[in-house]
Structures are given as structure tokens and as C-alpha cells.
Amino acid sequence: MGEHGIAEASDAAIVATDLSKWFGEEETRKLAVDRVNFVAYFGEMLFIVGPSGSGKTTLLSMLSGILRPNAGTVTVKGRNIWELSEDQRADFRLNSIGFVFQDYHLFPRLTTAENVAIPLILQNRDWKQSIADACRYLEIVGLKGRNQILPVKLSGGEQQRVAIARAIASNPEILILDEPTASLDGDTGRMIIEFVKTRILSRERCILIVTHDARINDYADRIIHMEDGRLVSVEQVAK
Ligand SMILES: Nc1ncnc2c1ncn2[C@@H]1O[C@H](COP(=O)(O)OP(=O)(O)O)[C@@H](O)[C@H]1O
Ligand SMILES: [Mg+2]
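Per chain, the residues get numbers from 1 upward, laid out in the order the sequence is written. Following the order in which they are written, the chains are lettered starting with A and the ligands numbered starting with 1. Residues qualify for local features only when their pLDDT is at least 70, as the model is predicted, and side-chain atom pairs are given and counted only at 80 or more; totals for whole chains, interfaces and linings, by contrast, use all residues. Note: side-chain values were computed over all heavy atoms of the structure, leaving out hydrogens and water.

As annotated in an unreviewed UniProt entry, the chain is Putative ABC transport system ATP-binding protein from Pseudomonas panipatensis.

Caption draft 1: Broad picture of the confidence of the model for the chain. Scored from 0 to 100, pLDDT reflects the predictor's confidence in each residue. For the chain, per-residue confidence averages 92 on the pLDDT scale, and residues scoring 70 or more make up 96% of the total. Contact definition: two residues touch when any of their heavy atoms are within 4.5 Å. In the model, residues 1-8 has pLDDT below 50 throughout and makes 12 contacts with residues more than four positions away in sequence or in other chains.

Caption draft 2: Spatial organisation of the pattern of salt bridges. A pair is scored as a salt bridge if a Lys or Arg side-chain nitrogen falls within 4 Å of a carboxyl oxygen belonging to Asp or Glu. If you walk through the whole model with that rule in mind, you get nine salt bridges. Linking Lys77 and Glu173 is a salt bridge whose minimum nitrogen-to-oxygen distance equals 2.3 Å. Here Glu173 lies in the loop between helix H5 (156-168) and strand E7 (174-178) and Lys77 lies in the loop between strand E4 (71-76) and strand E5 (79-80), a separation of 96 residues in the sequence. Note on Lys77: relative accessible area 44%, which makes it partly exposed. What counts as a helix is a DSSP run of H or I of at least four residues, what counts as a strand is a run of E of at least two, and both are numbered from the N terminus. The buried label goes to any residue with under 20% of its type's maximum accessible area, the exposed label to any with over 50%, and the partly exposed label to all in between, with areas taken from a 1.4 Å probe on protein chains only.

Caption draft 3: Representation of the nonpolar core within the structure. Residues Met45, Phe47 and Ile207 are the most contacted members of the largest nonpolar core, which totals 40 residues. Taken together, the elements giving at least two residues each to this core come down to strand E3 (45-49), helix H3 (112-122), helix H4 (127-140), H5, E7, helix H6 (186-200) and strand E8 (206-210). Per-element tally for this core: the top contributor is H5, with six residues. Contacts of Phe47, omitting those with residues within four sequence positions, involve Ile193, Ile209, Thr211, Ile216, Asn217, Tyr219, Ala220, Arg222, Ile223 and Ile224. Nonpolar cores were defined as sets of buried Ala, Val, Leu, Ile, Met, Phe, Trp, Tyr and Cys residues, with membership established by side-chain atoms within 4.5 Å.

Caption draft 4: A look at the site of ligand 1. Distances are taken per atom, and a residue is near a molecule or strand as soon as one of its heavy atoms is within 4 Å of it. Neighbouring ligand 1 are the residues Phe23, Lys30, Ala32, Pro51, Ser52, Gly53, Ser54, Gly55, Lys56, Thr57 and Thr58. One of the backbone nitrogen or oxygen atoms of Gly53 is found 2.7 Å away from an oxygen atom of ligand 1. In this structure, Lys56 approaches ligand 1 through a side-chain N or O atom, which is 2.8 Å from an oxygen atom. At the level of elements, strand E2 (30-41) and helix H1 (56-63) are the ones that each hand at least two residues to the shell around ligand 1. A breakdown of the residues in the shell around ligand 1 according to their chemical character gives three nonpolar, six polar and two charged. For the purposes of these results, a polar contact is taken to be a pair of N or O atoms within 3.5 Å, where, inside protein, one atom must be able to donate a hydrogen and its partner to accept one; residues adjacent in sequence count only when each atom of the pair is a side-chain atom. The nonpolar class holds Ala, Val, Leu, Ile, Met, Phe, Trp, Tyr, Cys and Pro. Asp, Glu, Lys and Arg form the charged class, and all remaining residues, Gly among them, are polar.

As C-alpha cells, this is what we get:
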């Protein structure tokens, strides 16, 4: 048993224990995430689903070291991330977490290769080498030879693939995607998730996907259902 009384298998990527977050003061206090407990394992694609406002983004923000919980702990690979110093947590985010946002968050005035190279440059790597590596990641996501163009020239699905290339460029063990298919048509959305499952997921990686999109549920290994800030059930997806 681990320090929280939860079995912490060596393949546990993230352990959330009694995790809570509220916003506002006293009477107006809103409990966005309410004592959530779960384990995410390496080698799995774990979906988090629930209605709008059920606390999914707030939960992801706490898991990825962006938003400090009011109560509970987040342990990533055995380290309590909210006990790290600010600098250590910034390093943790840069090196261990890749984040893909719903609307891509690409820099419009940077080329695709420059967008993908950003995390590498933040890791103080050589500029030229970072751009060369970025081109390799663009190739992995099926955008070979499209290194020099601005994001606006790409379709939504292609921009999402650039965002995925950027998220995996620093080779993070944990990849988090918040509503990755929400801005895409159904077929493109399925293609993106299929790509993530077959090409990005590995035994050394854990992938968390928040989604509203029931059409992609069969790609999940397990599904966490959230309602009103609470985890209401964990579903094992039959294969
Ligand atoms: N920064 C914030 N300030 C105040 N309330 C917030 C903030 N972020 C989220 N909330 C509230 O917390 C609840 C959960 O929000 P969120 O995590 O964004 O849900 P979801 O991603 O499932 O749609 C909502 O009621 C939302 O209004
Ligand atoms: Mg959200």
C-alpha cells in the first residue's frame, strides 16, 4: 500500500486522492471538483466524460500542475506534484506533461515547425536541432514537408495534429487532451483519436482525454464519469 492507503502499482502514472477545488468565498462558494479519487496507469487511454460544468477541466488543471487544489493530493510517478517548488513544478510540466487544447493554441505567426519546437527551445536545446526534431514530429503526425507554413493554411484536423506534435515533442510520459475533437468534424475527430491510440500510446505513456464526444468512446480503455464535480463511476470498456 502507498502512503495514501491506495495500492500504488509501479505502473501507476497518476494517483489523485481526495482531490477538491472550489472557487469563490463562503455562501457563493462553488465546489468544482469534490473529493475525487482515481489512478491512471501507464499504457492506458483514460477518458473523462461528463456534462459541461462537471469539473473536467478543473480536474485536468490540478493533475497537470497548473491549478493548486484546495484539498487532496496529486502523485505523478510517486511524486506529490503540489509539494514541489514552483521551479520544480515548472520543470515537471515541461518534461513530463504534454497538453493539447480544444482550440489548438498554436502561435499564428510561427511556422508549424517553430510551434512544435517551442517546448524543446524552452528546454534550452539548440535552435537548429530543435527545428530538425520538430520536423521529425510533424512527420510522425502525418505532416511531412509542411514545416514552413503558418497554421492558418492548415485544416482544423491538421492544426490539431500540429498541437499533438508539439505536445509529444518533449517526449512526455503523460499526455492530456481537453476536448480534442470538439472543433473537428466526426470523421476527422475519430482519425485524430485513432492516431493517438495507435501511434502515440505506448506502455511508457498514459493518455488522459476529456471528451463530450460519445462517438470516440470505444477508443477508451476506461472511462471516468463526472457529475457535479464528483466522480460517479469508472467504466471498463469492453474490447
Ligand atoms: N476560475 C474559475 N472561477 C470560478 N468558477 C470556475 C472557474 N473555473 C471553473 N469554474 C466553475 O467550476 C465548475 C467546473 O468547471 P469546469 O472544470 O470548467 O467544467 P467542465 O470542464 O467539465 O465543463 C463550473 O461550475 C465552472 O463555472
Ligand atoms: Mg472543460
